[in-house]
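# Geometric and topological summary
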Amino acid sequence: MRVEEQTSRHLLLAVIVTVFSVMLCLVTVVMAWEFWMILLMIVGCFSIWLLHIAKIGSDIFYETLCASLTLLGFFFLVYMNLPFLIYRL
């Protein structure tokens, strides 16, 4: 794979994960959920940007880290909304 293509794909992944994490952090603060998730999202975003800027680590590791952080945030969001969804039924 060309370096430009790899860099643009990594940049896109980093931006998507960062935007999703910021939105999740805002929802966590507004809804007064588990605040440890904010620290986890900040550390995850910092590590993704560090890998992107320093160009260290393999493609598989970078993509797995991005996917893991996104899925973790998604499952956390679903888990925290589960009582609300059950109550609405």
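Residues numbered from 1 in each chain as written. Predicted model: local features only at pLDDT ≥ 70, side-chain atom pairs only at ≥ 80, totals over all residues. Heavy atoms only, no water.

## Side note on the overall build of the protein
Counting secondary structure elements, the protein contains three helices and zero strands. Within the protein, buried positions represent 25% of all 89 residues. When contacts within the protein are restricted to residue pairs at least 6 apart in sequence, those whose partners lie at least 24 apart make up 71%. In the structure as shown, the protein presents an accessible area of about 6300 Å², 78% of it carried by carbon and sulfur atoms. (Helix = DSSP H or I, 4+ residues; strand = E, 2+ residues; numbered from the N terminus. Buried < 20%, exposed > 50% of the residue type's maximum accessible area, 1.4 Å probe, protein only. Contact = heavy atoms within 4.5 Å. Areas by Shrake-Rupley, 256 points an atom, 1.4 Å probe, with all protein chains shown as cover.)

## A look at unusual backbone geometry
Even without a glycine there, the phi angle at K55 is positive, about 55°. In this fold, K55 is placed in the loop between α2 (36–54) and α3 (59–88). The class of K55 is exposed, set by a relative accessible area of 55%.

## Focus: the pattern of salt bridges
By the definition in use, this model includes one salt bridge. The salt bridge partner of R9 is E63, with a shortest N-O separation of 2.7 Å. Of this pair, R9 sits in helix α1 (residues 3–31) while E63 sits in helix α3; the two residues are 54 residues apart in sequence, bridging distant segments of the chain. Taking relative accessible area as the criterion, R9 reaches 28% and is therefore assigned partly exposed. Residue E63 is classed as partly exposed on the basis of its relative accessible area, which comes to 28%. (Salt bridge = Lys/Arg side-chain N within 4 Å of Asp/Glu carboxyl O.)

## Comments concerning the nonpolar core
Core analysis: the biggest nonpolar cluster contains 16 residues, and V17, M41, I48, Y62, L69 and F76 have the highest contact counts within it. Going through the elements one at a time, α1, α2 and α3 are the ones with two or more residues in this core. The element contributing the most residues to this core is α2, with six residues. Look past the residues within four positions of L69 in its chain and what remains in contact with it is V17, S21, L40, M41, G44, C45 and I48. (Core = buried A, V, L, I, M, F, W, Y, C linked by side-chain atoms within 4.5 Å.)

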